[in-house]
Amino acid sequence: MLALIPLFPFIGFIINALIGRRLSKATSGGLACLAMLVSFGVAVVAFWRLLGLPAEARVIDETLFTWIASGRFQAPLTFRLDPLAGLMCLVVTGIGFLIHVYSTAYMHEETDHEYARYFSYLNLFAAFMLVLVLGANLLVMFIGWEGVGLCSYLLIGYWFDKQSATDAGKKAFVVNRVGDMAFIVGMCLAFASFGTLDFRAIAAAVAALPPEVTWGVLSTITLLFFIGATGKSAQIPLYIWLPDAMEGPTPVSALIHAATMVTAGVYMIGRNAVLYSHAPLTMEVVAVIGVATALLAGTIGLAQNDIKRVLAYSTVSQLGYMFLAMGVGAFAAGIFHLYTHAFFKALMFLGSGAVIHALHGEQDMRKMGGLRRALPITYWTFLIGALAIAGVPGLSGFFSKDEILFRTFASGHSVLWVLGTATALLTAVYMFRLIYLTFHGKPRYEGAYEGAQEAHRAHDRAAHAQGTHNHGGGGVLHDAPMAMAIPLVLLAIGSVVAGYVGVPHALGGSNRIETFLEPSFSPPAHTAPAVAGTHAEPGVALSGEGAHAEADAHGATHADTALELTLMVTSVAIALMGIGIATLVWLKRPHVAAALAARVPWMHRLLLNKWYVDELYDATIVQPIKNSSTVGLWKGVDVGVIDGAVNGTGWLVRGSAAGLRLAQSGSVRIYAAAFFVGTVLVIAFYLVR
Amino acid sequence: MALPLLSLIVFLPLVGAMALLLLPNRDGARDEMIRQLALGVALVTFALTLVAWRQFDAAAAGYQFVERYAWIPQFGINYTLGLDGVSLFLVVLTGFLTPLALLSSWQGVTKKVKEFCFFVLALETGMLGVFVALDLFLFYVFWDAMLVPMYFLIGVWGYERRIYAAVKFILYTMAGSVLMLVAIIALAVMHQQATGQYSFALEDIESLQMGFSTELWLFLAFTLAFAIKVPLFPFHTWLPDAHVEAPTAGSVILAGVLLKMGTYGLLRFAFPLFPDAGLACAPYLAALAVIGIIYGALVAMVQPDLKKLVAYSSVSHMGFVVLGICAMNLQGIQGAVYQMLNHGVSTGALFMIVGMLSDRRHTRLIAEFGGLKHAMPRLVACFLIITLSSIGLPGLNGFVGEFLAILGGFLWRPTYAVLAASGVILSAVYMLWMFQRVNYGEVTNPKNARLPDLSAREWAAIGPTVVMAIVMGIVPNLFLRPMQPAVTRLVERVQAQRPALADINLESEGDRGPKKAHHAD
């Protein structure tokens, strides 16, 4: 049954890839959506079955066949559903379905076979993402891990005519590969240490060990996996591909580069929570990198003019939050934020898509403004998303972000808490800057309208759905059509209510999501999986530790209610302050922003150019490798030294042969003379000796 | 007496080739028929290799289908053939690639078609013989005999600098194999001194006792020949030239099968015959392999010529094979053998694709292409799958071999494995960059605007490799399982020389101590 979840999108991919070019748009798009819907249905049923099990026995294993076996090394193709995987499956298939539906309208201007190609990639992505989520061992996860990377590559470079798009796709793949190399080495080390790659088996093995307080194997393994995660989840130092990934169609940015794929790194840490909690040193690294990324991306988001790039940096920043949570050991909080973020970030990306769509491909916020009247659905849903991400009480982002900040503080990381809170301020500011520049103020798009026509062709082929617009009219904007509006509304509802599964104890809730997820982060106790699977050693120490951790968590929650409320009030105040600043600068006094930028031009340039990190990498890594390979290795070592030596040997033989040939003159007298001289020399040699 | 299956497999192509020679073909009047006949012979051979696979006992570690006849008894030279888990798939691979190679040069080769087909089939006999010969003398005969057809394939049907490339190819490889011949004769003489009888039989030589320095010299003599063939850095410079100048069929066979003879030789002869020397030299060989992985990738990255790019990528990919072999543990060697098969499929396919592009445009320069996806979506789709298989995407064949080789290397020497793993990044860089420049973007060169997509013949050539890339990625156990007993035996034999270390590297199904977790599936 678990295999069916990724299977349906995969079938959708096969059909669209093989015969998609002969299908009508309605058929190929409908097929892709149907595949996702069925997959969602199966995921719901599976989730339901999971809920029917007692809390500590919520594991369903399903082995299809042995994938790779080499002696002691065994990698069966096994899927496993547990609370963590179950939640992720719902997010991936549910939000994935909505984005598929949205895409049917958004991509409507593509030709039939391009349309089918788009949906085949999108379905393939969903299939790989589900394999990633459901994989029961590292190697199966890695199939999905690389597979989603491939789909990301294909979808970023979907408009393959465009150099910038294919460049961005390649960059994404290569940067991810840097992380993947570490992941592969991590798998080798994990196998060498534990003799298995199965998550539960590793967790059981690790649980018996004490936490590794000095640097050692566990720290190295976890750090290697984390490097993998920095690639996939766009963290320092490998985050650079994500903003460029915005070259892809906007629904792709929503699904892959916001809601699902980029959260894979966070998920991976959650999956290996036991391993990570035994490597406190790595955890510190994770937390620090997380908060640093959150802050850095937040500052860059402040100065970007492209609506999608703001959202992209916002994603990087929010992913940083999730890693912060993982790093301070608040695994449930990190996953909770992953889950709420999926709603509001997908919502905002789709909203930006609706704006871009209405403006025929315009992505520059300086050429927008005042759109809220023309695009009411887009505006209101977008506003909900922005309020949610800013952490306004009552919306989903508030609960999850607050949980992270509270846990950060409670675990003694007060500096990280300050930085996290500062990022919260930045988040509110740049989000509302985006809202005001796009939807409020004076419309700036009419004047740019003719230009937009051109940009429409050159920049982004995304365009309106109906195809019946009056192109020449100018200024008549259309809000999202049905297929786009419904996902927006549903996601907006999700952005509001999704947080209520995790209302903290301090507010009288019971944080159900945390209780639900907890078994996934604990070592497998004395319960066997529902279906034949890994049988962990039943051990007093194991279950004792699990219970202890749980008690700890609950105890902390109760004891620190006052602290939690204080922190909560602080962060709400911060969020409102951020919104206030944005209102002041970009709504009330638009000239202030320009003045600010003019006052500290270097700062503005620095942020606008993303701290020049791309340039730094290009100058220090890319160019030197390229140049030294051409000049040094190929033309120098290969052609010069090695082939020089080879051909030199050839020349030597030929040269000496040519010299010797001169002696073969055919003249008998010279032969006789040589014979005579030789004889004399030989006799002389013996006489002298 | 049962049917001599292996002899049939080995000599059927040669018999077919001879028969072709008898056909009158004035002015190429019967070119098409000759091509079809040659293809038929190659296909029947392939079918026979599949029969061998089907009848192969996957649980047995020893040689199967053994045939032994006295050949030159006074020197102990026998005609001995046999197949085990290591050679089985190389034989199947040879059978698989030869018909595809013929198909891929269907249009590219128009002159002296009869002779061309003759040499391709004769080459097949040589290659198959190398993989099944269990007598050192017989092995050497096949090893050198195979050079001749290859020399002519490059020299007659190649591109502009074909003569240079052909001569370089033959001198380079001969230089290595001459020393190997000396070593082979030395072994027979040593056997005569020890037992009073000359013998070239592999099993006899295996039981020969010798001092370490003797072993070392003989190991080096064998290894040099194999290293040149692999080719191991820094003995690789014949490869780009040979590939660039060879006709498509030549490149396919060269990359697909010939290179494997080097790594196969290491596995079958160099390490088992001289285990002490092998284990002592392994770190150095592996170091060269790792250098090759990185060096090949970096040089491939900056090549302007498609064929050179693929040629240098071979240097990189074959580095993984050598690394896995040097690790001398089950994962490493299974990974190495699997990587040989992968490389045969993927690189063979890449050369076919380059051949198709070059048939259409008569150029192989990357800069001449661009935007091919507009004109040839199907070809580009195949190209994409093969590219992904070449860069080792999980779910396709390349990953399985690469991962197992890295894992084996890691269990042996982690540093090597870590360095080798950087190939994962570099392969993505050079392959995807090339892929982008060739296939994506607008059509900038009008000559590329209306190129025909895959023809039926081209489908027949490229289709099977694409299918294999997928099958071998999804069910690798189909290949790994029959391989395992023979590889285990090999590892045990080599590692038996140092019992202290054997415990660490050998596969024991028992627990590895308290750290080992229980794993049930």
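Residue positions are counted from 1 within each chain, in the order its sequence is given. For naming, the first written chain is A and the first written ligand is 1, with later ones following in the order written. Where totals are concerned, whole chains, interfaces and linings use all residues; where local detail is concerned, this predicted model gives features only for residues with pLDDT of at least 70, and gives and counts side-chain atom pairs only at 80 or more. With hydrogens and water stripped out, all remaining heavy atoms of the structure feed into the side-chain values.

Draft legend 1. Molecular detail of the overall build of chain B. By the criteria applied, helices consist of DSSP H or I runs no shorter than four residues and strands consist of E runs no shorter than two, each listed in order from the N terminus. Across its full length, chain B carries 21 helices and 2 strands. For chain B, the C-alpha atoms occupy an extent of roughly 70 × 60 × 40 Å along the three principal directions. Each residue is assigned to one of three classes by its accessible area relative to the maximum for its type, calculated with a 1.4 Å probe on protein chains only: buried under 20%, partly exposed between the two thresholds, exposed over 50%. Across the 521 residues in chain B, those meeting the buried criterion constitute 66%. In chain B, of all internal contacts separated by at least 6 residues, the share reaching a separation of at least 24 is 81%. All accessible areas in this document rest on Shrake-Rupley with a 1.4 Å probe, and a residue is counted as covered only by the protein chains that are shown. Looking at chain B as shown, the accessible area adds up to about 16,900 Å², and 65% of this sits on carbon and sulfur atoms. Counting rule applied: Lys, Arg positive; Asp, Glu negative; His and chain ends not counted. By convention, the point assigned to a charge is CZ for Arg, NZ for Lys, CD for Glu and CG for Asp. Chain B carries 33 positive and 31 negative side-chain charges, and their two centres are separated by 8 Å. The contact rule is simple, with two residues in contact once any of their heavy atoms fall within 4.5 Å.

Draft legend 2. Main features of the interface of chain A and chain B. Facing the 60 residues of chain A at the interface are 72 residues of chain B. Carbon and sulfur atoms make up 66% of the surface buried where chain A meets chain B, a total of about 6,000 Å² over both sides. A 1.4 Å probe defines the accessible area here, and the buried area is the portion of it lost by two parts on being joined, summed over both. When the area that chain A buries against chain B is broken down by residue, the three leading residues are A:Arg72, A:Arg177 and A:Trp634, summing to 12%. Any carboxyl oxygen of Asp or Glu that lies within 4 Å of a side-chain nitrogen of Lys or Arg is treated as forming a salt bridge with it. There are 1 salt bridge connecting chain A and chain B. For the salt bridge of B:Lys168 with A:Asp643, the shortest nitrogen-to-oxygen distance reads 2.6 Å. Two N or O atoms form a polar contact when they lie within 3.5 Å of each other; inside protein one atom must be a possible hydrogen donor and the other a possible acceptor, and for residues adjacent in sequence the pair counts only when both atoms belong to side chains. Run the count over chain A and chain B and you get 19 residue pairs in polar contact (both at pLDDT 80 or more). Elements supplying a minimum of two residues to the side of chain A that touches chain B: strand S1 (60–70), strand S2 (73–81), helix H4 (112–134), helix H5 (138–156), helix H6 (163–194), helix H7 (199–207) and helix H26 (613–663) of chain A.

Draft legend 3. View of the confidence of the model for chain A. Residue and element names in this part refer to chain A. In the predicted model, chain A carries a mean pLDDT of 85, and the fraction of residues at 70 or more is 90%. Confidence of the prediction at every residue is given by pLDDT, a number between 0 and 100. Residue range residues 447–474 is modelled with pLDDT below 50. Its contacts to residues more than four positions away, or to other chains, number 45 contacts. Long-range and interchain partners of residues 527–551, a stretch whose pLDDT sits below 50, account for 35 contacts in this model, where long-range means more than four residues apart.

Draft legend 4. Fine view of the environment of A:Val140. All names here are of chain A. Looking at the secondary structure, you find Val-140 in helix H5. With a relative accessible area of 0%, Val-140 lands in the buried category. Separated by 63 residues in the primary sequence, Val-140 and Leu-77 have C-alpha atoms spaced 6.3 Å apart. Beyond its immediate stretch of four places on either side in the chain, Val-140 contacts Pro-76, Leu-77, Thr-78, Phe-79, Val-131 and Gly-135.

Draft legend 5. Fine view of the side chain of A:Glu403. One can find A:Glu403 in helix H17 (residues 396–410). Residues contacting A:Glu403, with those up to four places away along its chain left out, are A:Ala333, A:Pro504, A:Asn511, A:Glu514 and A:Glu564.

Draft legend 6. Spatial organisation of the pairing of S2(A). Counting buried residues along S2(A), 8 of its 9 residues qualify, which places the element largely inside the surrounding structure. As consecutive antiparallel partners, S1(A) and S2(A) are separated by 2 residues, and within that stretch A:Gly71 has a phi angle of approximately 60 degrees, a positive value. The rule for pairing is simple: two strands pair if DSSP sees at least two bridges between them.

Draft legend 7. Focus on the side chain of B:Asn329. Looking at the secondary structure, you find B:Asn329 in the loop between helix H13 (306–327) and helix H14 (330–361). There is a polar contact of 3.0 Å between the side chain of B:Asn329 and the backbone oxygen of B:Gly408.

Draft legend 8. Geometry of the pairing of strand S2 (residues 77–83) of chain B. Residue and element names in this part refer to chain B. By the criterion of burial, S2 is predominantly enclosed, with 7 of the 7 residues buried. Both faces of S2 are covered, namely the face carrying Ile-77, Tyr-79, Leu-81 and Leu-83 and the face carrying Asn-78, Thr-80 and Gly-82. Between strand S1 (residues 64–72) and S2, which follow one another and run antiparallel, lie 4 residues, and Gly-76 among them has a positive phi close to 65 degrees.

Draft legend 9. Main features of helix H12 (residues 275–301) of chain B. All names here are of chain B. Between its terminal C-alpha atoms H12 stretches 37 Å, which fits the 39 Å expected from 27 residues at 1.5 Å a residue. Residue Cys-281 marks the point of greatest curvature in H12, where the axis turns by about 45 degrees; the proline Pro-283 follows within four residues. Within H12, 20 of the 27 residues are buried, leaving the element largely enclosed by the surrounding structure. Each residue after the first adds 1.5 Å to the expected span of a helix. A residue's bend is the angle separating two fitted axes: one through the seven residues that end there, the other through the seven that start there.

Draft legend 10. Spatial organisation of the environment of B:Leu254. All names here are of chain B. By the element assignment, Leu-254 lies in helix H11 (residues 248–273). On a C-alpha basis, the gap between Leu-254 and Glu-442 in space is 34 Å, while along the polypeptide they are 188 residues apart. Setting aside chain neighbours within four positions, we find Leu-254 in contact with Met-150, Phe-169, Trp-238, Ala-242, His-243 and Leu-259.

Draft legend 11. Just the confidence of the model for chain B, in detail. All names here are of chain B. In the predicted model, chain B carries a mean pLDDT of 89, and 95% of its residues have values of at least 70. This stretch, residues 499–521, has a pLDDT under 50; its non-local contacts, to residues over four places away or in other chains, come to 41 contacts. Here the prediction assigns the complex a pTM of 0.89, and the interface score ipTM is 0.90.

Draft legend 12. Quick peek at the packing of aromatic side chains. For Phe, Tyr and Trp, rings pair up if their centres lie within 6.5 Å, where Trp contributes its six-membered ring, and each pair is then called stacked (planes under 30 degrees apart), edge-to-face (over 60) or tilted (otherwise). Applying the stated criterion to the full structure yields 58 aromatic pairs over all chains. With 5.2 Å between their ring centres and 90 degrees between their planes, B:Phe131 and B:Tyr264 make a pair best called edge-to-face. Linking B:Phe131 in helix H4 (residues 113–132) with B:Tyr264 in helix H11, this pair joins segments that are 133 residues apart in sequence. Residue class for B:Phe131 comes out buried when judged on its relative accessible area of 0%. On the accessibility criterion, B:Tyr264 (0% relative accessible area) is buried. An aromatic cluster is defined as three or more aromatic residues linked by ring pairs; in this entry it consists of A:Trp67, A:Phe73, A:Phe142, A:Trp145, A:Phe183, A:Phe191, A:Phe225, B:Phe399 and B:Phe403. Just above the ring of A:Tyr115 sits the side chain of A:Lys25; from NZ or CZ to the centre is 5.8 Å. Geometrically, a lysine NZ or arginine CZ counts as sitting over a ring once it is within 6 Å of the ring centre and also within 35 degrees of the ring normal.

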